[in-house]
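Tertiary structure, described
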Amino acid sequence: MNNSVFQGDIDPEIAALLGTNAKPKAEESVPDFTHLFGREEGVEPGEADEPDLTSEGFPPLTKRLEEIPHTTLQDPEYYKTALSGEGNIAQRVHTILQKYLHASDPKDRSVFRQQFIPAFWEFLVNVARRSPGKLSGPKKYLLRFGILHPAFLNPAAVTLLSRVVVENELNQPVYYLDEWFRAIGTGVIRNSTTDEVRVAKSSHSMKLRQLLEKARGKQDGAKALLRAKDEERIRLEKTLVERVSLIAEHHPVTGLPEINSCYNEGQKRVFSDVYEIMKTLLKSDQALSLLIRDYNQAAEDVKTIKTKIEEDGGAVEVDVRALDTEFETVKQMAKMTIGRQGNHFPILTKEYFHCHPNDVGFRENVISMLAWVESIDPGAFCRMYKNRLNRIVPYVVLVPSYGETGFCWEPFDRFNRATSRGRIAIPMYPRSMQIAILSAVADLRWQVAKEKASYYWMEEGITGNYYQWFQKMRGKGDLKESFIQDYIFWMTKESEGTQKLDKELRGVFWRHIPFAQPIKEKLKTRNYVYQELYQRDLNRAMSDGY
């Protein structure tokens, strides 16, 4: 981001927009669901899930499942409640489902199955539109887990799903679909980027929210710079105190115990050090003063835009168009997690549900796996900004699909490249949760590095080095898919000392996707190959070239 961002002046785009008193005309075709669905108290657009740049890791997992099961899936009216209030499409879903279940001919069953899939998605969008309000238990479980009827599951699966932790007790940006649609519909999180559909392109409130994201990005960036400069000043002050304490150390003069000796040569040299430190401290303090001014200006911009949104009624509006667009995006996410040849049946049934409890994409399992990834690859969720490395965990959308692959939808917000979260999608019912999450993290790493390198992505960083190795080896197939597979080998095999990668590629990963230091220490004792790579680290550190 350009340094001109932090000059203490209000952004011209923000000033231009806030200078107008014109309000958009209400569109009669979009119903106001405020009174119908209600609104969670104390939640403002874009405010609920800002990254904590001081966080160093995921919180410890206290429990994976509840001890006492919930009663939603034992409700005899579950199926009726799930379908109720959704109009003719609900009746159509019921009719097709009955035909599918009672068909004896495999060909007929296949036809009804194909008819059911689009009908169910059409029905589900109606449920998603209700997510900003209070959903009934069956409708919430329908969105969250794809459970249309508990009878479609065996008793063990019903018991397992009844013990899922409902609330986000760990306060991490990992969302079930009902929570995700609620955040999108109320403006807490903006829509996922898509090239196909633009939501409310000329909407005044949408422009305000985009500007709010932009202003928040500047505020977060200024805060990160402030923290770094303050830490620098603290280090300098600590060094100054240590140097002055050396100056104050004296030994008695021989024969005159009550008199302290003169400064020795070492102490005299410290005077020069103290002078340089004080000069640096003055410069640091001046820079800190400017950064405080910039932060205050950015904070004022945020406050001004939030006030404008309140005046326009944006704080209580449920954006149905945003929900509809996000629903289409989630449908695409589900298809991408499954792939063309996978199982696209959209509801959970015992016929396809065979996951071990720890392999189901429950929020707690996903957070546990993300923590494992970070324990091996500590830079997995880190981005450099203004020479400071910030840990920014992406939004994780849990898609109730039988997919095998997780992926990155966005590396970061296009309005806030500095501190915004990326977005990854994880299938809830994969054969291997580990592989699904690793593929998503690998995709995130690739896209962040590519965006950072911009036009030079084939020359710089991990993408450039991987591309050059791929060309040299005359690799075939998709470049990014190849990288994802190699990243999975890196995390699951190479981290354990099992050599799976080409020698040159291993060096590229060791340099650009380094293991945590304890793993490096362990590997250097396993094999000469890793010992040599470890020695290169030491050599680079000594030459300040790393």
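Residues numbered from 1 in each chain as written. Predicted model: local features only at pLDDT ≥ 70, side-chain atom pairs only at ≥ 80, totals over all residues. Heavy atoms only, no water.

1. Section: the overall build of the chain
In plain terms, the rule: Helix numbering and strand numbering both begin at the N terminus, where a helix is a DSSP run of H or I of at least 4 residues and a strand a DSSP run of E of at least 2. Only protein chains enter the calculation, and the probe is 1.4 Å; a residue is then buried if its accessible area is under 20% of its type maximum, exposed if over 50%, and partly exposed in between. We call two residues in contact when some of their heavy atoms are within 4.5 Å. Every accessible area reported is derived by Shrake-Rupley at a probe size of 1.4 Å, with residue values counting cover from the shown protein chains alone.
Along its length, the chain carries 18 helices and eight strands. Relative to its full complement of 546 residues, the chain shows a buried share of 49%. Taking all contacts inside the chain whose residues are at least 6 apart in sequence as the whole, residues at least 24 apart take part in 77%. On the chain, roughly 28,000 Å² of surface is accessible, and the fraction owed to carbon and sulfur atoms is 51%.

2. A look at the side chain of Gln172
Tracing the chain through its elements places Gln172 in the loop between helix H7 (155-162) and strand E1 (174-176). Since its relative accessible area comes to 13%, Gln172 is described here as buried. The residues contacting Gln172, other than those within four sequence positions of it, are Phe58, Pro59 and Ile367.

3. Regarding the packing of aromatic side chains
Keep this limit in mind: Pairing of aromatic side chains requires ring centres within 6.5 Å, counting the rings of Phe and Tyr and the six-membered ring of Trp. Pairs whose planes differ by under 30 degrees are stacked, by over 60 edge-to-face, and all others tilted. A ring has a charge above it when a Lys NZ or an Arg CZ is no more than 6 Å from the ring centre and no more than 35 degrees off the ring normal.
In the structure shown here, the tally under the stated rule is 33 aromatic pairs. One Lys or Arg, Arg391, reaches over the ring of Phe58 and ends 4.8 Å from the middle of that ring. The ring of Trp457 carries Lys450 above its face, with NZ or CZ at 4.3 Å from the centroid.

4. With respect to the pairing of strand E4 (residues 382-385)
When a strand is regular, its side chains alternate between the sheet's two faces. Going by this rule: By this definition, two strands are paired if DSSP reports at least two bridges between them.
Only one face of E4 is buried: it carries Arg383 and Tyr385, and the other face, with Cys382 and Met384, is open. Of the pairings in the sheet, the one linking E4 to strand E5 (residues 388-391) comprises four bridges and is antiparallel in character. Looking at the pairing, Arg383 lines up with Asn390 of E5. What sits between E4 and E5 in their antiparallel hairpin is a turn of two residues, with Lys386 showing a positive phi close to 50°.

5. What to know about the side chain of Arg421
Formally: Under the rule applied, a polar contact is a pair of N or O atoms within 3.5 Å (in protein, one hydrogen donor and one hydrogen acceptor; residues adjacent in sequence only if both atoms are side-chain atoms).
Position of Arg421 relative to the elements: it lies in the loop between strand E7 (407-410) and strand E8 (423-427). The class for Arg421 is buried, based on a relative accessible area of 9%. Within polar-contact distance, the side chain of Arg421 engages the backbone oxygen of Val393 at 2.8 Å.

6. Structural notes on unusual backbone geometry
Its identity as a non-glycine residue notwithstanding, Asn171 has a phi of 55°, on the positive side. Within the element layout of this structure, Asn171 appears in the loop between H7 and E1. Take Asn171: its relative accessible area is 63%, and that puts it in the exposed class. The backbone of Ser454 shows a phi angle near 55°, a positive value even though the residue is not glycine. With respect to the helices, strands and loops of the structure, Ser454 is situated in the loop between helix H13 (433-453) and helix H14 (461-472). Take Ser454: its relative accessible area is 38%, and that puts it in the partly exposed class.

7. Observations concerning the pairing of strand E6 (residues 395-399)
Across the five residues of E6, five count as buried, placing the element largely inside the fold. Here E6 shows no split at all, with Tyr395, Val397 and Val399 on one side and Val396 and Leu398 on the other all buried. Bridge count between E1 and E6: three bridges; the pairing is parallel. Within the sheet, the bridge partner assigned to Val174 lies in E6 and is Val396. Where E6 lies against E8, five bridges are found, and the strand directions are parallel. What sits directly across from Leu398, in E8, is Ile426.

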